[in-house]
Amino acid sequence: MSRPSDHIDAPAPKRNPDAAITQPALGASGYARFFWRQLTSMRTALFLLLLLAIAAVPGSLVPQRSSDPNGVLQYFTDNPELAPLLDSVQAFDVYGSVWFSSIYLLLFVSLIGCVIPRTLHHLKALRGSPPKTPARLERLEGFTAVVAPGATAPAAIASARGILKKAGYRTRLYTGNGGDLSVSAERGYLRETGNLVFHTALVGVLLSVGIGGSFGYSGQKVIVEGDTFSNVLLSYESFLPGRFFSDDVLQPYRLSLDEFDATYEQQNPSAYGQPIDYTASVTAYPPGADAGTRSEIKVNEPLRVGGNEIYLLGNGYAPIITVRDGDGNVAFNDAVPFLPQDGNLTSLGVVKVPDAVPEQIGMIGFLYPTQTTLASGALTSNYPDLLNPVLSLQVFTGDLGLDAGIPRSVYSLDTDGMTEVAGRNAEVPSIQLTPGETVELPGGIGTVTFENADPEAAAGDLANSVPRFASLDIHRDPSQGWVLVFALLVLAGLLTSLFIPRRRVWVKALETAAGGIRLEYAGLARGEDPGLERAVRDIADRHSGQLGAHSADPATRA
Amino acid sequence: MTDQLDSASLVAIWSAMGVYTIAFILFTLDFAKRSASAQPAAIEGTRVVEAGGSTTTLERVDVSGKRLSFKFERAALALTIVGWVVHFAGVLLRGFAQGYVPWSNMFEFSLTASAIIVGVFLAVQFWQNLRFLGAYITGFALITLGVGTVNFYVDVKPLPPALQSAWLVIHVFVAVLGTAFFALGAGLSIMQLLQARRAAAKAAGMRFLQTLPGADVLENLAYRVIVVGFVLWTFTLIAGAIWAERAWGRYWGWDTKEVWTFIIWTIFAGYIHARATRGWRGSRSAWLAIIGFAAVLFNFTVVNLFFKGLHAYSGL
Ligand code: HEM
């Protein structure tokens, strides 16, 4: 079967007590061969598999840059001494680390080295015929002997062959040294085929993951109701290209977010306010098309457009804020996405007004969709929908630091070098606004307005007073179809290789002195085969029944 | 209506726990009785045939065949069936109470997983007599149900958007089914280790082992059960990747839960290899089966509760 030499079915190793002394010195090629044999042995495969399992553990204990970049930053803040140490052994990038990669690459080298010779061997076996019948069947599995007084050997073997063929065996007739006729049969080649398909498909999975990852990309886009996204690099909030990514795979489609609907539980007191449904209604304009197609994106229902899959990953509020400066000019007017901080969508956002005269203005805001006051006096939200929206702003003046050329997150404000003019540490408390309200900023530096996005609504209906945003993940992965195909082959190979028994069965006919024949049946398992014994006995029963034979064991003869 | 159904479900679960408790006691008494009745030279329920020089194959032996009839065991099994029916009803009621499958948070997962584990245990009795695992299985179900109802209980809630998918039904259910087979496999492997130890050192105080199948038979049974679990787990892994692709936009991201599913899969792939590697059959591969199942339990408890990741569905 060309299994690795330490496979359980391989012939036992020759024991040579003098081996250590008599072994000739290995040349370079001898060492190479020795090393290759070690690498492709079952023991090495087992060792590497278990090592891989252990090596995967640390990545679940420490946040990973690939899946949780903010967690990594937090870890550095929380453990300033330990973190750089861990970082130096790639503990935050375990699954791309040198050591993790070397384990699985070695494993796959071993796998390929193991599978190729087996495949060649198996192809040959598929074309060959079952091996010669062993001289003695007594020691084999399910051994049964019967005598058939009136039968002849050729006829009996021919009918045995018929039975075996019908049961899916490949057969061949042999004549033994003593002139005895026998049929040698084998079935379940599919077991080995399945095993080889399984291991080869694993390589396929690895290759398509590796190759696909380097041609694809993924990006994030935050889009406010009413806005349109164009699929060009600049419109992305963040973008992660694969190694071989190039701009021209971005198809120039556009996508507008017409409306975002969130439904929250209102009946069930123990789940009050829990989200039940998010639906982003969008219009997609394929490249070159003027007319758009309307569709919906939901959490488990991505949209496929222009070679991309677009997923709905998050949502929140984007209050429209207008700032007029000291001269009365509009210095800022935009919908600002606020990041949700809790299940009731208390949201945090930042407004930067670099063009305000005489001084730049920065604001840190909290939006409470349904504002209430805690016993401590602090504000909070107790329902995620817009029942009683309040915007609270801390106001700073001074240098926003935007000119230094350092990229700044739109979600954070560096208040070093700024003066707080309204808020906890200022004489004037935080500014509080309801939709449609305008308030003077302290010191005559201007005014701020919390715009009502739906001024026509009935008085007290604020349900649409603040636009929502959706955060979309936009992906392209040209190989994921291949990954799926190989994964399914893995499964199919596994099923065939684990559940199809591979076995050999022999039926032998010997002429007896008394004139009839003695028939012997036996089988041999090739790999795990708990049903072999029964299968051999079934065949023996059926065949000897046809011949009217009876047990050869005198003790049980009726 | 929802509340009544949910309360009825809890009543059923507590009743099932009561019945399982009695079944567990009877299974344990059965062990005691077996120990008392076991002869020093007890029936060896197994025979191993060396075939083809190196393939160890097992003769078909009815593992319970010659032993005395154990009344305790029969009563215990009957009670396990009763307990399971009540338990199953409890799971169904929880499902009806909320209008979707009862395995979307840790509480429901405990209920359903233990029901499936006991169910699989009962079902395999048609194939092989594995009643000697009764104490292990009922004990396991009791602990799972107890911890589940006392520590993880949550009220009926609507299904959050992230879980509104057919894959919740398929992926999680197959994972639980796979877990059930791994649980049985681990039980058999534990018995196998005990048997091997008894055979090697004549371990005292475990005389009931003499009435059980020998280590080789147990090992082969464990293998066959675990292989089924492994196929189901492979399917879980693939289905999970498909779902992750639908919901999160990538089929694999080394999220903590994904990492542990992978680790478990790799350990059991190791187990299957160990069985085919010279020098690794027997106790060594049995340990791998037990470690693999321990990783499954770890994945369900510690990873769900304490590790950060996208799979934040404990409901707590
Ligand atoms: C990524 C690494 C590997 C994985 C995940 C893996 C997994 C598996 C699994 C699940 C099986 C049982 C199902 C079947 O027979 O198809 C198996 C069987 C087998 N594997 Fe691997 N394998 C790996 C690497 C290797 C390597 C490197 C070798 C060669 C040394 C190897 C040799 C074998 C052999 C000979 C069998 C048949 C066992 C038997 O006779 O029962 N495998 N492998």
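Per chain, residues are indexed from 1 in the order of the written sequence. The order in which chains are written sets their letters, starting at A; the order in which ligands are written sets their numbers, starting at 1. Totals for whole chains, interfaces and linings use every residue, but because this is a predicted model, local features are given only for residues with pLDDT of at least 70 and side-chain atom pairs only at 80 or more, for both listing and counting. Computation of side-chain values covers all heavy atoms of the structure but excludes hydrogens and water.

A. Structural view of the site of the ligand. Surrounding the ligand, one finds 26 residues, the nearest of these being A:C114, A:N195, A:H199, A:S497 and B:H273. A single heavy atom is enough: if one lies within 4 Å of a molecule or strand, its residue is considered near that molecule or strand. Site remark: the ligand is flanked by residues from chains A and B. N or O atoms within 3.5 Å of each other form a polar contact, as long as, within protein, one can give a hydrogen and the other can take it, and as long as residues adjacent in sequence are counted only when both atoms are side-chain atoms. A:H7 has a polar side-chain atom sitting 2.8 Å from an oxygen atom of the ligand. Taking B:H273, its side chain carries an N or O atom lying 2.5 Å from a nitrogen atom of the ligand. Helix and strand assignments follow DSSP, with helices taken as H or I runs no shorter than four residues and strands as E runs no shorter than two, numbered in order from the N terminus. Those elements that provide at least two residues to the shell around the ligand are α3 (42-56), α7 (98-127), α9 (189-215) and α10 (480-499) of chain A together with α7 (256-275) of chain B. Considering every element that reaches the shell around the ligand, the biggest residue donor is α7(A), with six residues.

B. Broad picture of the domain arrangement of chain A. Partitioning chain A into structural domains gives domain 1 (41-120), domain 2 (129-188 + 501-557), domain 3 (217-315 + 472-476) and domain 4 (320-450). Taking only C-alpha atoms into account, the centre of domain 1 of chain A sits 53 Å from that of domain 2 of chain A. An automatic or database domain assignment is the source of the domain bounds shown.

C. Representation of the pairing of strand β1 (residues 141-148) of chain A. All names here are of chain A. Counted residue by residue, β1 has seven buried out of eight residues, so it is predominantly covered. Strand pairing is defined by DSSP finding a minimum of two bridges between the two strands. Note: β1 against strand β27 (residues 550-551), two bridges, orientation antiparallel. Bridging across to β27, V147 finds its partner in H550. Only protein chains enter the calculation, and the probe is 1.4 Å; a residue is then buried if its accessible area is under 20% of its type maximum, exposed if over 50%, and partly exposed in between.

D. Layout of the nonpolar core. By nonpolar core is meant a set of buried Ala, Val, Leu, Ile, Met, Phe, Trp, Tyr and Cys residues that side-chain atoms within 4.5 Å join together. Ranked by internal contacts, the top residues of the largest apolar core, which has 117 residues, are A:F100, B:F132, B:L133, B:L188 and B:Y271. Looking at this core, the element that brings in the most residues is helix α6 (residues 215-248) of chain B, giving 17 residues. Residues count as neighbours in contact if any of their non-hydrogen atoms are within 4.5 Å of one another. Sequence-distant contacts of B:F132, that is, excluding residues within four places in its chain, are made with B:F31, B:R34, B:E73, B:L188, B:M191, B:L212, B:P213 and B:L218.

E. Spatial organisation of the coordination of the iron atom of the ligand. Protein coordination at the iron atom of the ligand: the donors are A:H199 (NE2) and B:H273 (NE2), at 2.0 Å from the metal. For Na, K and Ca the donor cut-off is 3.2 Å, while for other metals it is 2.8 Å, and in both cases only N, O and S atoms qualify; water is not among them, so sites may look incomplete. Any site counts as irregular unless it has four donors with all angles between 85 and 135 degrees, making it tetrahedral, or four or six donors with opposite ones more than 155 degrees apart and the rest between 65 and 115, making it square planar or octahedral. Relative to the metal, the six donor atoms surrounding the iron atom of the ligand lie at angles of 76 to 178°, and the coordination shape comes out octahedral. Here A:H199, found in helix α9, pairs with B:H273, found in helix α7, and the two come from separate chains. For the residue pair A:H199 and B:H273, the accessibility class agrees, reading buried in each case.

F. Focus on the sheet that holds strand β12 (residues 320-325) of chain A. Residue and element names in this part refer to chain A. The sheet built from four strands is open, its strands ordered β13-β12-β23-β22 with antiparallel pairing. The sheet is open, and its two edges are formed by β13 (330-335) and β22 (438-440), each paired on a single side. Averaged over all neighbouring strand pairs, the angle between strand axes comes to 15°, with direction disregarded. Here β12 runs beside β13; their pairing, made up of five bridges, is antiparallel. Note on β13: the bridge partner recorded for R324 is V330. Inter-axis angles, ranging from 0 to 180 degrees, are taken between N-to-C directions of lines fitted to C-alpha atoms, where helices are fitted over the stretch in contact.

G. Region of interest: the environment of B:Y153. Residue and element names in this part refer to chain B. If you trace the backbone, Y153 turns up in the loop between α4 (134-151) and α5 (166-201). Beyond its immediate stretch of four places on either side in the chain, Y153 contacts D6, L10, R94, F107 and G148. A distance of 2.4 Å separates polar atoms of two side chains, one belonging to Y153 and the other to D6.

H. Spotlight on the packing of α5(B) against α6(B). All names here are of chain B. The interhelical angle for the contact between α5 and α6, taken along N-to-C directions, is 155°, at an axis separation of 7 Å. The orientation of α5 relative to α6 falls into the category roughly antiparallel. The two elements α5 and α6 meet at a crossing, and its hand is left-handed. When residues are sorted by character, Ala, Val, Leu, Ile, Met, Phe, Trp, Tyr, Cys and Pro go into the nonpolar class, Asp, Glu, Lys and Arg into the charged class, and all the rest, Gly among them, into the polar class. Residue classes in the contact of α5 with α6 are distributed as 26 nonpolar, ten polar and two charged. Roughly parallel means an angle under 35 degrees; roughly antiparallel, over 145; roughly perpendicular, 65 to 115; everything else is oblique. Crossings are classed by handedness, with left-handed meaning an anticlockwise turn of the near helix from the far one by less than a right angle and right-handed meaning a clockwise turn.

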